[in-house]
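Listed below are the residues making up each chain.
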Amino acid sequence: MEILQIVLQVIIVVTSILCVMFVLLNKGKGGGLSDMFGGGMTQSLNTSGAAQKNVVRITTVLAIVWALAILSYGLLMRFSPAVA
């Protein structure tokens, strides 16, 4: 059980970092925080629509994996035998 806990913790940390990076890579839909961090500059760049769709898909998959890993870790903590 301890190995599974470590694996889930590593998955949570890696997907957390990747989620932050891919969210920041997403193209802003208008004003807001994305413009404050340089998102407005992407309007002048010719970015591919397919590339943007892939970034959105990867972000979505990472978020789902992150949520499932946290749920699994929580269930593992809840139902694991107590170590004395």
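Notes on the structure follow. (Residues numbered from 1 in each chain as written. Predicted model: local features only at pLDDT ≥ 70, side-chain atom pairs only at ≥ 80, totals over all residues. Heavy atoms only, no water.)

## Quick look at the overall build of the chain
Line of reasoning, step 1. Check the secondary structure of the chain and you find three helices and zero strands.
Line of reasoning, step 2. Beginning at the N terminus, the succession of helices and strands in the chain can be written as α-α-α.
Line of reasoning, step 3. Considering only contacts within the chain whose residues lie at least 6 apart along the sequence, 90% involve residues at least 24 apart.
Line of reasoning, step 4. As presented, the chain carries roughly 6,500 Å² of accessible surface, and 73% of it is formed by carbon and sulfur atoms. (Helix = DSSP H or I, 4+ residues; strand = E, 2+ residues; numbered from the N terminus. Contact = heavy atoms within 4.5 Å. Areas by Shrake-Rupley, 256 points an atom, 1.4 Å probe, with all protein chains shown as cover.)

## Looking at the environment of Leu8
Line of reasoning, step 1. Structurally, Leu8 can be placed in helix α1 (residues 2-25).
Line of reasoning, step 2. Taking the C-alpha atoms as reference points, Leu8 and Ala69, separated by 61 residues in sequence, lie 6.1 Å from one another.
Line of reasoning, step 3. The contact partners of Leu8, leaving out residues within four places of it in the chain, are Ala69, Ser72, Tyr73 and Leu76.

## Considerations on the packing of aromatic side chains
Line of reasoning, step 1. Summed over the entire model, instances satisfying the criterion amount to zero aromatic pairs.
Line of reasoning, step 2. Positioned above the aromatic ring of Phe79, the side-chain terminus of Arg78 is 5.5 Å from the ring centre. (Phe/Tyr/Trp six-rings, centres within 6.5 Å; stacked < 30°, edge-to-face > 60°. Lys NZ or Arg CZ within 6 Å of the ring centre and 35° of its normal.)

## Brief notes about α1
Line of reasoning, step 1. Taking 1.5 Å of rise per residue, 24 residues should cover 34 Å, and α1 covers 35 Å from first to last C-alpha, within 8% of that figure.
Line of reasoning, step 2. Inspection of α1 places Gln5, Leu8, Ile12, Thr15, Cys19 and Phe22 among the buried residues, and these make up the whole buried set. (Expected span 1.5 Å × (residues − 1). Buried < 20%, exposed > 50% of the residue type's maximum accessible area, 1.4 Å probe, protein only.)

## With respect to helix α3 (residues 49-79)
Line of reasoning, step 1. Given a rise of 1.5 Å per residue, 31 residues ought to cover 45 Å, and the 45 Å separating the end C-alpha atoms of α3 matches this to within 8%.
Line of reasoning, step 2. Taken as a whole, α3 has its buried residues at Gln52, Val55, Thr59, Leu62, Ala69 and Leu76.
Line of reasoning, step 3. The secondary structure elements touched by the buried residues of α3 are α1.

## A few points about a nonpolar patch on the surface
Line of reasoning, step 1. Together, Ile3, Val7, Ile11, Val61 and Val65 make up a nonpolar patch on the protein surface, roughly 420 Å² of accessible area in all.
Line of reasoning, step 2. Elements that contribute at least two residues to the nonpolar patch include exactly α1 and α3.
Line of reasoning, step 3. Of all the elements, α1 adds the most residues to the nonpolar patch, at three residues.
Line of reasoning, step 4. Examined against the element boundaries, Ile11 turns out to sit in helix α1. (Patch = residues over 30% accessible without salt bridge, like charges linked within 9 Å, V, L, I, M, F, W, Y side chains within 5 Å. Salt bridge = Lys/Arg side-chain N within 4 Å of Asp/Glu carboxyl O.)

## Points about the side chain of Thr15
Line of reasoning, step 1. Structurally, Thr15 is set in helix α1.
Line of reasoning, step 2. Residues in contact with Thr15, not counting those within four places in the same chain, are Leu62, Val65 and Trp66.

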